[in-house]
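Topology and contacts: notes
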Amino acid sequence: MKRFPVAAGAMVLMAGLSCAHAAPPEPELLFNCDLTNGKSVTVRVDNGVPAYSYGSIEKLEMALPKITGDKTQVRAGKTAFSGGGASWYRFINGRYSYVVYSGIGKGWEFTGLKVYQGQKLIMKKACQQGGFLSNPYQGENLVNDADTGDDGTYGYAE
């Protein structure tokens, strides 16, 4: 009878030690998309700020913001359309904006990546599968494109 409490106590101690050394949880996944060009794009909440990754399994080609947690280079947006709406995150890298986007309206639907140089759309790739995932994060503490007037540029699928 005396062995059980000792064994139970040892198990509790071992469980506590293994928890103390556990790795931190993965950042929250917001967007995950396999593009038509064979690349993938993901957006995760990292240190309270969405972080963009683009590339293939073999090679990460771009990660934004360049400084982890720098929310000054990340924007969020939502807009309503007749018969639908859209939401997006925009990652700013100099004169370029990388926009992960999902929207639907009368007669159209688009989920994917749009790349702009200034306000000119220079690339648009649709998701073959994936897109925004159900997540409680809604761009809290980010500048909203509607507040800067940029929603007219980046808020449409074109």
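Before any of the text, the structure's been laid out above.
Residues numbered from 1 in each chain as written. Predicted model: local features only at pLDDT ≥ 70, side-chain atom pairs only at ≥ 80, totals over all residues. Heavy atoms only, no water.

**With respect to the overall build of the protein**
Along the backbone of the protein there are 3 helices and 10 strands. For the protein, the succession of helices and strands along the chain, N to C, is α-β-β-β-β-β-β-β-β-β-β-α-α. Within the protein, the fraction of its 158 residues that count as buried is 34%. Counting contacts in the protein only where the partners sit at least 6 residues apart, residues at least 24 apart contribute 43% of the total. When the accessible surface of the protein is summed, it comes to about 9600 Å², and 56% of that surface belongs to carbon and sulfur atoms. (Helix = DSSP H or I, 4+ residues; strand = E, 2+ residues; numbered from the N terminus. Buried < 20%, exposed > 50% of the residue type's maximum accessible area, 1.4 Å probe, protein only. Contact = heavy atoms within 4.5 Å. Areas by Shrake-Rupley, 256 points an atom, 1.4 Å probe, with all protein chains shown as cover.)

**Observations regarding the environment of Tyr54**
For Tyr54, the position within the fold is in strand β3 (residues 49–55). Put simply, Tyr54 and Ser40 are 14 residues apart on the chain and 5.8 Å apart in space, counted from C-alpha to C-alpha. Excluding its chain neighbours within four sequence positions, the residues that come into contact with Tyr54 are Leu35, Asn37, Lys39, Ser40, Val41, Leu60, Glu61, Met62 and Leu113. At 3.0 Å, the side chain of Tyr54 forms a polar contact with the side chain of Asn37. (Polar contact = N/O pair within 3.5 Å; in protein donor to acceptor, adjacent residues only side chain to side chain.)

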